[in-house]
Amino acid sequence: MKSSGMTIGELAGRFGLATHVLRHWETMGLLAPGRVAGGQRRYGQADLERVAIILIGKEAGLGLRQLSALLSTSNPMDRPDLLREHVAELERRIAQAQTAKELIEHALSCPHSFDECPHANERIASRIPPP
């Protein structure tokens, strides 16, 4: 007779994850699978949903510690401070990416060689710390 629920291999395979990832998430408190005789993990529908939520959070750029804090409450919106901090961090990273994109676009369109480009020279000079 087959035990109910998925094994760790079945759950990992369903999401294209390695089993060690699920074990790590368990040690971080993100997953709490049921156990059957012999201690073998069994995962149900709630675990499927939890893994999907973790993956969505990771896609949003949240770290495992942040996800653990958010998922430790019944409602992730109970931690607006953490979410606001993450939005601020994302805005900082977006600004950095936009600056990098503009720099590369300028390099691609600049008629000057790198060492003759006034824009490049300005950027280089601005990165040199004063004595």
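Quick look at the structure, then. Worth saying up front: this structure is predicted, and the values here are computed from it rather than measured. (Residues numbered from 1 in each chain as written. Predicted model: local features only at pLDDT ≥ 70, side-chain atom pairs only at ≥ 80, totals over all residues. Heavy atoms only, no water.)

### With respect to the packing of helix α1 (residues 8-15) against helix α3 (residues 45-59)
Where α1 contacts α3, the axes come no closer than 11 Å and their chain directions differ by 40°. Overall, the two elements α1 and α3 adopt an arrangement that is oblique. Viewed along their axes, α1 and α3 form a crossing whose handedness is right-handed. Facing α1, whose interface residues are Leu11, Arg14 and Phe15, α3 presents Leu48, Val51, Ala52 and Leu55. Along the lines of polarity and charge, the residues of the contact of α1 with α3 split into six nonpolar, no polar and one charged. (Axes fitted to C-alpha atoms, helices over the stretch in contact; angles between N-to-C directions. Helix = DSSP H or I, 4+ residues; strand = E, 2+ residues; numbered from the N terminus. Parallel < 35°, antiparallel > 145°, perpendicular 65-115°, else oblique. Left-handed = near helix turned anticlockwise from the far one by under 90°. Contact = heavy atoms within 4.5 Å. Nonpolar A, V, L, I, M, F, W, Y, C, P; charged D, E, K, R; others polar.)

### Considering the side chain of Asp47
Mapped onto the fold, Asp47 is located in helix α3. The side chain of Asp47 sits in the buried core without any salt bridge; Arg50 is the nearest counter-charge, 7.1 Å away. Within the structure, Asp47 has its side chain in polar contact with the backbone nitrogen of Gly44 (distance 2.9 Å). Those residues in contact with Asp47 that lie beyond four places of it in its chain are Leu31, Ala32, Pro33 and Arg42. (Buried < 20%, exposed > 50% of the residue type's maximum accessible area, 1.4 Å probe, protein only. Lys, Arg positive; Asp, Glu negative; His and termini not counted. Salt bridge = Lys/Arg side-chain N within 4 Å of Asp/Glu carboxyl O. Polar contact = N/O pair within 3.5 Å; in protein donor to acceptor, adjacent residues only side chain to side chain.)

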